[in-house]
Every structure is written in C-alpha cells, then in structure tokens.
Amino acid sequence: MAIEFPELRSILSTDQRAAAAKLLKIAGELVNEAFEKLLNERHLYQSLNIDRNRLYKEHNGGRIGRILDQFLTQKFEKQPWLPLQKAQNSEPVNGFTFRFPNVWNFCSQCDARTPFNLNLDQERPFTTQFSAPPRKATFQVLCLPLQCQGCKSDPILFMVTRKGLKLTLTGRSEFEEVKAPEYIPKAQRKYYSQARIAFNSGQILPALFMLRTLIEQFMRSVINDDAIRGDELCKKYNETLPEDFKRRFPSFAEIYGTLSDAIHRAAEDPPLFEEQLDRISRHFEAKSVFDKNSAKAG
Ligand SMILES: [Zn+2]
C-alpha cells in the first residue's frame, strides 16, 4: 500500500504523489541499510554517509524534478529519523520512520555474538534534534537501547549522531568486547583483544604495540627466561619449533621485526596491522594443532 500525503493533494498530481511515496520508501531502505552497517561493522567515532545521489538514481534514473526535490528535503532530510521495529503504512507528521535493522553484538552474559533487538520503552526513541539556523544540516542524536535476544539482560545503549545524511557512532554504554580465538593461549588472549579494540578505535600504533606484546609474552612463556629480549628471544623460540613447522608457517622472528620497525617509525599503517595479525593467527593456529598432535604421539 502506498503512503498517502493528504496535505500534498493540492500541490502534487497523482503521479507525483506516487513518485514521492516511492522516494520515501527508497530513503527508508537506505537509512535501514546505513544503521545496519554502522552498528554491525563500524566502531566508536566512525561514520558513514547516505548518498543522496543514490536515492535519485534508484528513483527513475536520476531526475526527480524540483517539486520532488523540495518534498524530499522537507519530508526526509529535515525530519527527525525515528526507528521502528515493524512496518507501518502512515508517516507521522513530525518524523520520518525507518525499519530498524538486525544488529549483532558481543553479549558478555552469553559469552558470544548474539542478535540484539531495539527495545524502546515508549513509542518514540529518546532523540534530540536541532534544525534551526545557523545549522545547514539537521542535527539529531538517537539513543538506541539494544537488548540481547538470548538472555534478555539489561540493554546496551548505543548513541548515534546524525548530521544531515551523515551518521556517526558516538557512544555505547558498555565498551566493545572482542573475544580472542581459542587457539590463542589463554594467558595471552587479553593482548589479542586489546590489540583489536585499539585498532577498532583507530589507535593504530598502540594496536601494533599490543600485537608485538602478544607474541613477545608468548615466546617468553615458552623460553621461561625473563632476561632474554628482542631478537635473542625470537631466536631461542625459533629453536623450539620443528623444522617442518618453520618451513610451512609464518615466523614470529620476522613478524617481531616488522612490528618493531613500524613502531620505531611510528607508522600508523592499518593494512600492516591486518596482515601481521593474520600471520600471527596462522602461526598460533598451526602451533595449537602441532602441540595437540605431539601430545597424542607422546
Ligand atoms: Zn545475552
């Protein structure tokens, strides 16, 4: 069923009203998609933009005309955006509603990544909006309580700030948790999690430092000698590995060297982080398999 706009009957033709409804439907889908991406894939203080051109393009090949353009500004861009959990057929006079997406988040009660639902205790979310001059773009803050569907424990409150068509994740009531994989030794898992959290928050240098700490502390636990450091430690650790393992899997000595070099140069290099984390993970994963097999054989 098309959304009706009684107040537009005198200004817009039937065709234009249908076109306007279609535009708002696409806008709702784009907003839903943006919130889904922001809350599932982005981290604190990261942003994304809704592309206005895409809205035009998906509606009749890019040209919507002046009347519809004004309509879109009034009914979409200048309105507060109000998330809904189910579809409805009429638009409120003072807001633009959109279907709220599925959000997955780490739940500390369930100790897993679980689906979270929006859990509003009133018809409208806690939202604050300013659109009066001198602001060019509508400024809005949305507070979104999201609740784990597994345990239904206390919701985590997410704060999203909107400036025009730009959304930024500006807060969360519980800090983001990152669980280290099982193959990372228990005593060093906290360094893995801290490295990933630092990286997700845009702190690249501390993230590289935590990665180096992860392998350094692990090698130290294997060698069991607090006096040995750096290259010497890497060399000693390397001697504990079977030849076959050394040929097939990334070397901690090389990774340690690469990370140290980046830290000395203060190189804020996100791809380097991902690349070295991947190599470290492959080493640990293979090592846990090797250790299990040699425990069985012995
Ligand atoms: Zn839970």
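Computed from a predicted structure; not experimentally measured.

## As for the overall build of the protein
Link 1 in the chain: When you go through the protein residue by residue, the secondary structure sums to nine helices and nine strands.
Link 2 in the chain: Relative to its 298 residues, the protein shows a buried fraction of 22%.
Link 3 in the chain: Pairs at least 24 residues apart make up 55% of the contacts formed inside the protein by residues separated by at least 6 positions.

## Quick notes on the environment of Ser288
Link 1 in the chain: For Ser288, the location among the structural elements is in helix α9 (residues 270-297).
Link 2 in the chain: With 104 residues separating them along the chain, Ser288 and Ile184 place their C-alpha atoms 8.2 Å apart.

## Remarks on the nonpolar core
Link 1 in the chain: Core analysis: the largest hydrophobic core is formed by 27 residues, its most contacted members being Leu23, Ala27, Val31, Phe35, Leu38, Phe158 and Val160.
Link 2 in the chain: Counting residues per element, the ones that place at least two in this core are α1 (14-41), α3 (65-77), β2 (81-84), β7 (139-148) and β8 (156-163).
Link 3 in the chain: Per-element accounting of this core gives the leading share, nine residues, to α1.
Link 4 in the chain: Grouped together as the second largest cluster of nonpolar side chains are 25 residues, Phe199, Tyr256, Leu259 and Phe273 included.

## A few points about the confidence of the model for the protein
Link 1 in the chain: Residues at a pLDDT of 70 or more form 88% of the protein, whose mean pLDDT is 87.
Link 2 in the chain: Within the protein, strand β6 (residues 126-130) has the poorest average pLDDT of any element, 71, and helix α8 (residues 252-264) the best, 97.

Rules of the game
Residues numbered from 1 in each chain as written. Predicted model: local features only at pLDDT ≥ 70, side-chain atom pairs only at ≥ 80, totals over all residues. Helix = DSSP H or I, 4+ residues; strand = E, 2+ residues; numbered from the N terminus. Buried ≥ 20, exposed ≤ 12 C-beta atoms within 10 Å, placed from the backbone. Contact = placed C-beta atoms within 7 Å. Core = buried A, V, L, I, M, F, W, Y, C linked by C-beta atoms within 7 Å. pLDDT = per-residue confidence, 0-100.

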